[in-house]
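Chain by chain, the residues:
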Protein chains: 2
Amino acid sequence: MADLLSVAKLAGVSRATAARAFSNPELVRALTREKVLKAAEQLSFRPNKVAQQLRSQSTQMIGVMVPSLDNPVFAEQLQAMEVTARASGYSLIVTTSEYDASQESEIVEEMLRQRVDGLVLTVADADNSAVLNKLLYEHPPCLLVYNPPGQSGFPSIGVDNLAAGADATHHLIEQGHTRISMVAGPLLQSDRARQRYAGYCQAMAAHDLIPRPLVEMPRHTQANLACLTPELEGEYHPSAVICTNDLLAISLIGELQRAGFAVPNDLSVMGFDGIALGRHLYPSLCTIEQPRAAIGQAAIHTLLSMINGEMPNPAPLPHVLRSGESVGAPAITPSLSITP
Amino acid sequence: MADLLSVAKLAGVSRATAARAFSNPELVRALTREKVLKAAEQLSFRPNKVAQQLRSQSTQMIGVMVPSLDNPVFAEQLQAMEVTARASGYSLIVTTSEYDASQESEIVEEMLRQRVDGLVLTVADADNSAVLNKLLYEHPPCLLVYNPPGQSGFPSIGVDNLAAGADATHHLIEQGHTRISMVAGPLLQSDRARQRYAGYCQAMAAHDLIPRPLVEMPRHTQANLACLTPELEGEYHPSAVICTNDLLAISLIGELQRAGFAVPNDLSVMGFDGIALGRHLYPSLCTIEQPRAAIGQAAIHTLLSMINGEMPNPAPLPHVLRSGESVGAPAITPSLSITP
DNA sequence: CTGTCGAATGAGATCGATCTCATTACAACA
DNA sequence: TGTTGTAATGAGATCGATCTCATTCGACAG
């Protein structure tokens, strides 16, 4: 590919002049500028960003790490980040960590070698993260998404998961539910799930209801009805469950229906995240909607401000309760029908 | 950030020796090497990839462009590509085009300036693509995904959409359906949808059934029942419909159920793509599964071979019919119940 | 015709790693 | 002790764009 020197030669000028014709056209005589542009055209010259990056000590690239793109929450957020970043002249290097600490570490190291101008990370657990500790020591512009701010020392974009967990619980209580359980993926991996559970516990307690232990499923995004069966058939016999994410909720609803349960008549199910598809299912999914597009945009804008040397302290973004057909009033004293 | 020169100084050697300590350790005396490594450690030296890229004329970066990450098909494929690329030491620059030709053009231009080693593209319509024409003229390593090979002149990874469309249709015919319609998003934008429709037409004709005109919906991934109503209530009165992608099918099922139709009893619905979630719904989605992970892997491996100067001609990957509860046998002579 | 000022241009250094080629150092051997 | 061969190292160029500083050019006033 043609470089600036060959353009300059063809135009009969020096590299400096050729460069100016592009970056500071007003410093170049109109005639000369045209000669340069014509030469560039002829050689189909395309400026080499790598050289520009080396020279300017800035890559205009942002490193993004999400746990997985198989979960629409992250994919949809990434979509918003990409659009926003490109509109500001930045490119994204995208990686997935599978919530794996050693991969997280390698990925961040690689991105720092690439001299990205900043990092947007979603880690498994921001409070116990080897990567974050390393980064804290080097303090490049770095922002967490979805991870609660906590003690990590990095700014964070996301909703208030505790309040959101409480709101979800309140919503069910308002519908008349008193026996509510919560379902999550492998607990220890996710700080969000823990906070949402804490919100649930708070809300239950605020209504003098006793929170139940979290029901853990073996996978993050796929329900296993067998794990819930003891709870459903036990003496607590919940009339509603909250899942810590939408995929879990959707697949739980499917399993319940296939097993002959009616949703919401036999059991109300709430999700968490608000993925787009949830609206179009039947029953439509009642969920706490995280403003994914806003999160993606805010993440990029906040990071860009950090790159410019500011030290923002972004407020949590508002979540919205999206009501849906998967939640209804509890059946009338249903527990009586199975308790003696 | 410390550079190699400061490391060299601290270690009391020249830049060349310091560089060798990393890239050709066997050329350096053990003692010297240790001094260099210790100095690098002390300064927390991190090699600058931008400089390496400029020097080596190779970025180890792949430019990826997909229409949208809001559709799990692309997100899941991207997930597979990222894992595969990283395992080979490559990074991905990810962009979304919204099927928009002018964005496609800007994106590709930007990636070429970045001197990516290769491109993986999914364009709206490979046969009428301004970007592809431009690229053809410059011939960087470039690969299409999902787009049928066609006349574009670029290798392509994906399934045989025509055969897949025919297989879907055959499946329904085997179940006893004779009145089958097909539903798509905005037609003109997607070469895949066209091919799938062509497959449907072929299969119908092969069974002496008359294919119906495509029912177009205003959005790619969200069904609008009203668009289908004329077909359902008209004299053709299909007992089954095929959607050109899963999101369309899932949301159509939701709309149907909400309107009081039973799936599959009143209408069987097939999808296309095989996104993960489809399995866990009730009714589970009957669909043509594209091997997304295999496609992602094959895309990266094929592109890497192109980067190495080969000119591969990848075969279409096999699609699989995933049966599901959204398709059943047609109701018995249902047309008689509404025709006089 | 010369001096001056500003506009236009060019020469060379720079960013950081790495490669080539030359040089040094040291050991073995005559 | 001088020679030769090899291992180890260093000096300098290179990748491509851009910035600084110096120089040239042209016009115009004196």
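Here the structure is a predicted model, which means the values were calculated and not measured.

1. Considerations on the nonpolar core
Moving on, step 1. Judged by nonpolar contacts, the single largest core of 102 residues is most densely connected at B:Leu228 and B:Val269.
Moving on, step 2. Leaving out residues up to four positions away in the same chain, B:Leu228 has contacts with B:Val183, B:Val215, B:Met217, B:Val241, B:Leu252 and B:Leu267.
Moving on, step 3. Membership of the second largest hydrophobic core comes to 36 residues, among which are A:Met61, A:Val108, B:Met61 and B:Leu119.

2. Regarding the relation of the copies chain B and chain A
Moving on, step 1. You can overlay chain B on chain A at an RMSD of 0.1 Å; the transform is a turn of 180° with a shift of 0.0 Å along its axis. The symmetry that links the two subunits is that of a two-fold axis. Rotation axis and chain B: the residue whose C-alpha lies nearest the axis is B:Ile93, separated from it by 2.3 Å.
Moving on, step 2. The overlap is high: 100% of the interface residues of chain B also sit at the interface in chain A, so the same surface is used on both sides.

3. Looking at the protein's contact with DNA strand D
Moving on, step 1. Around DNA strand D, a shell composed of 24 residues is seen, among which A:Leu4, A:Arg55, B:Thr17, B:Thr32 and B:Gln57 lie nearest.
Moving on, step 2. Across the atoms of DNA strand D situated within 4 Å of the protein, the share located in sugar and phosphate is 60%.
Moving on, step 3. Within the side chain of A:Arg55, an N or O atom sits 2.6 Å from a base oxygen of DNA strand D.
Moving on, step 4. Secondary structure elements with two or more residues in the surface near DNA strand D: helix 2 (15-23) and helix 4 (49-56) of chain A together with helix 2 (15-23) and helix 4 (49-56) of chain B.
Moving on, step 5. Considering only residue class, the surface near DNA strand D consists of 10 nonpolar, 6 polar and 8 charged.

4. Section: helix 4 of chain A
Moving on, step 1. Along helix 4 of chain A, the residues that are buried comprise A:Lys49, A:Val50 and A:Gln53. When helix 4 of chain A is viewed along its axis, its buried side chains cluster within an angular range of 105° and face the same direction.
Moving on, step 2. For helix 4 of chain A, the elements touching its buried residues are strand 1 (61-66) of chain A together with helix 4 and helix 6 (101-113) of chain B.
Moving on, step 3. Here helix 4 of chain A starts with a cap whose side-chain oxygen sits 2.8 Å from the backbone nitrogen of A:Val50, and that cap is A:Asn48.
Moving on, step 4. Directly after helix 4 of chain A, the chain includes A:Gln57, whose backbone phi takes a positive value near 55°.

5. Things to note about the domain arrangement of chain A
Moving on, step 1. Under the domain assignment used here, chain A contains domain 1 (4-47), domain 2 (56-157 + 292-317) and domain 3 (161-285 + 324-338).
Moving on, step 2. Computed over C-alpha atoms only, the centres of domain 1 of chain A and domain 3 of chain A are separated by 65 Å.

6. Quick notes on the side chain of A:His171
Residues and elements named next belong to chain A.
Moving on, step 1. Counting through the fold element by element, His171 comes out in helix 8 (residues 161-174).
Moving on, step 2. Accessibility expressed as a relative area gives 11% for His171, which makes it buried.
Moving on, step 3. Look past the residues within four positions of His171 in its chain and what remains in contact with it is Met270, Cys286, Leu321, Ser323 and Val327.

7. Here we look at the sheet that holds strand 11 (residues 320-322) of chain A
Residues and elements named next belong to chain A.
Moving on, step 1. Pairing is mixed in the open sheet, where 6 strands are placed in the order 7-6-8-9-10-11. The sheet is open, and its two edges are formed by strand 7 (215-216) and strand 11, each paired on a single side.
Moving on, step 2. Two elements, strand 8 (residues 240-243) and strand 9 (residues 268-273), share 3 bridges in a ladder whose sense is parallel. Residue pairing in the sheet places Val241 in a bridge with Val269 of strand 9.
Moving on, step 3. Those strands touched by helix 9 (residues 191-206) are strand 6 (180-184), strand 8 and strand 9, and its axis lies near 175° from that of strand 6.

8. What to know about the confidence of the model for chain A
Moving on, step 1. Residues at a pLDDT of 70 or more form 97% of chain A, whose mean pLDDT is 93.
Moving on, step 2. Low confidence marks residues 334-340 of chain A, where pLDDT is under 50. Its contacts with residues over four positions away, or in another chain, come to 4 contacts.

9. Overview of a negative patch on the surface
Moving on, step 1. Together, A:Asp70, A:Glu98, A:Asp100 and A:Glu106 make up a negatively charged patch on the protein surface.
Moving on, step 2. Inspection of the secondary structure puts A:Glu98 in the loop between strand 2 (91-96) and helix 6 (101-113).

10. Things to note about the pairing of strand 8 of chain A
Residue and element names in this part refer to chain A.
Moving on, step 1. Of the two faces of strand 8, both are covered, the one formed by Ala240 and Ile242 as well as the one formed by Val241 and Cys243.
Moving on, step 2. In terms of strand pairing, strand 6 meets strand 8 through 4 bridges, oriented parallel. Note on strand 8: the bridge partner recorded for Met182 is Ile242.
Moving on, step 3. Between the parallel pair strand 8 and strand 9, the chain is carried across by helix 11 (residues 246-258), and the sense of this crossover is right-handed.

Cut-offs applied
Residues numbered from 1 in each chain as written. Chains lettered and ligands numbered in written order. Predicted model: local features only at pLDDT ≥ 70, side-chain atom pairs only at ≥ 80, totals over all residues. Heavy atoms only, no water. Core = buried A, V, L, I, M, F, W, Y, C linked by side-chain atoms within 4.5 Å. Buried < 20%, exposed > 50% of the residue type's maximum accessible area, 1.4 Å probe, protein only. Contact = heavy atoms within 4.5 Å. Least-squares fit on C-alpha atoms with pLDDT ≥ 70 in both. Near = heavy atom within 4 Å. Polar contact = N/O pair within 3.5 Å; in protein donor to acceptor, adjacent residues only side chain to side chain. Helix = DSSP H or I, 4+ residues; strand = E, 2+ residues; numbered from the N terminus. Nonpolar A, V, L, I, M, F, W, Y, C, P; charged D, E, K, R; others polar. Arc of directions from axis to C-beta. Domains from an automatic or database assignment. Pairing = 2+ DSSP bridges. Axes fitted to C-alpha atoms, helices over the stretch in contact; angles between N-to-C directions. pLDDT = per-residue confidence, 0-100. Patch = residues over 30% accessible without salt bridge, like charges linked within 9 Å, V, L, I, M, F, W, Y side chains within 5 Å. Areas by Shrake-Rupley, 256 points an atom, 1.4 Å probe, with all protein chains shown as cover. Salt bridge = Lys/Arg side-chain N within 4 Å of Asp/Glu carboxyl O. Lys, Arg positive; Asp, Glu negative; His and termini not counted. Charge placed at Lys NZ, Arg CZ, Asp CG, Glu CD. Right-handed = clockwise from strand over helix to strand, strands pointing away.

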